[in-house]
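# Topology and contacts: notes
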Amino acid sequence: MMERTLIIIKPDALQRNLLGEIIHRFERKGLKILGLKMGILSDDVITEHYSHLADKPFFPKIKNFMQSAPVVFMVLEGLEAVSAVRLIAGETKSRNADGGTIRGDYAMSIQANIVHASDSVENAQKEVARFFASEEIFEYKKMDFEWVYSEDERGA
Ligand code: ADP
């Protein structure tokens, strides 16, 4: 299935000069960038986005961390993009993450772990809608499509 997923490139990536590198990884993978923008997360948006962690003792710290600098939001599209992007991100605790993943290659922390990536198709749909207005999502033909996927995969 062609899917869309939401990425947030976190404040530690900006502070550590990794923004271009992270975007480059998703781009080189063959994922299509449909949306890209910078912003600062409000209290309300963080509370909504991390509602599954609201009871955790570290929740106020995540909030501080996520608001400590701007973040970059991206919408990516591809076949099974939600799981593909989670694999590229690596596991939450960066120092346990596999080499070759973003967290495995660039981070040590469980909190400062460079990227957020939607964890299910259902959440991806909610998160894309949370951060992007429909006019901020661009549909366009990408010339590498037939090289990234086989005929069967693209239904040609
Ligand atoms: P993921 O981002 O891998 O989907 P979670 O949804 O469990 O992981 O957590 C959201 C974010 O909260 C993590 O990416 C990380 O920044 C932060 N976080 C998770 N667990 C901890 C923890 N034990 N201590 C501090 N921060 C944490």
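Notes on the structure in this doc start here. Here the residue numbering is sequential within each chain, running from 1 through the sequence in written order. In view of the model being predicted, local features appear only for residues whose pLDDT reaches at least 70, and side-chain atom pairs are presented and counted only at 80 or more, with totals across whole chains, interfaces and linings using the full set of residues. With hydrogens and water stripped out, all remaining heavy atoms of the structure feed into the side-chain values.

Before going further, it helps to examine the site of the ligand. The environment of the ligand is formed by Lys 10, Tyr 50, His 52, Leu 53, Phe 58, Ile 62, Arg 86, Thr 92, Arg 103, Ile 110, Gln 111 and Asn 113. We define a polar contact as two N or O atoms separated by no more than 3.5 Å, with the added condition that, inside protein, one atom must be a possible hydrogen donor and the other a possible acceptor, whereas residues neighbouring each other in sequence contribute only through side-chain atom pairs. A distance of 3.0 Å separates an oxygen atom of the ligand from a polar atom in the side chain of Arg 103. Contacts to the ligand include Asn 113, whose side-chain N or O atom sits 2.8 Å from an oxygen atom. Out of a free accessible area of 540 Å², the ligand has 81% covered by protein chains. Grid spacing is 1 Å over the protein atoms alone, the probe is 1.4 Å, and a cavity is where that probe fits but cannot get out, while a pocket is an open set with protein on both sides within 12 Å along at least five of seven lines and lining residues have an atom within 4 Å of a point. In this scheme, a molecule is assigned to a cavity or pocket if more than half of its atoms are within 2 Å of the grid points. Taken atom by atom, the bulk of the ligand overlaps the largest pocket. Of the residues in the shell around the ligand, the class split is five nonpolar, four polar and three charged. Here a residue is near a molecule or strand as soon as one of its heavy atoms is found within 4 Å of it. For accessible areas, the Shrake-Rupley method is used with a probe of radius 1.4 Å. Any residue's cover is judged against the shown protein chains and nothing else. Three categories are distinguished: nonpolar for Ala, Val, Leu, Ile, Met, Phe, Trp, Tyr, Cys and Pro, charged for Asp, Glu, Lys and Arg, and polar for the others, with Gly belonging to the last.

Quick look at the sheet that holds strand E2 (residues 32-39) now. The pairing criterion is simple: DSSP has to find at least two bridges between the two strands. Put simply, DSSP H or I for four residues or longer makes a helix, DSSP E for two residues or longer makes a strand, and each gets a number counted from the N terminus. Here four strands make up an open sheet; going across it, the order is E2-E3-E1-E4 and the pairing antiparallel. One side of each edge strand has no neighbouring strand; the edge strands of this open sheet are E2 and strand E4 (115-117). If you compare each strand with its neighbour and ignore which way they point, the axes differ by 20° on average. When strand E1 (residues 2-9) meets E4, the two strands line up antiparallel, connected through three bridges. When the bridges of E4 are listed, Ile 8 appears paired with His 116. A fitted line through C-alpha atoms represents every axis, and for helices the fit uses only the stretch in contact; the resulting angles, taken between N-to-C directions, go from 0 to 180 degrees.

In this section: the layout of surface pockets. Grid points are joined across faces, edges and corners, and a volume is the space filled by probe spheres set on the points. As a volume, the largest pocket reaches approximately 560 Å³. The wall of the largest pocket is formed by 24 residues, among which Tyr 50, His 52, Leu 53, Thr 92 and His 116 lie closest to the centre. Elements represented by at least two residues in the lining of the largest pocket include exactly helix H3 (43-49), helix H4 (59-66), E4 and helix H7 (121-131). Ranked by residue count, the leading element in the lining of the largest pocket is H7, at four residues. Looking at side-chain class alone, the lining of the largest pocket contains seven nonpolar, nine polar and eight charged residues. Taken as a whole, the second largest pocket encloses approximately 220 Å³ of empty space. If you trace the second largest pocket, you find 14 residues lining it, with Lys 32, Lys 142, Asp 144, Phe 145 and Glu 146 closest to the centre. Elements represented by at least two residues in the lining of the second largest pocket include exactly strand E3 (71-79) and helix H8 (145-148). Class assignment of the residues belonging to the lining of the second largest pocket gives a composition of six nonpolar, two polar and six charged.

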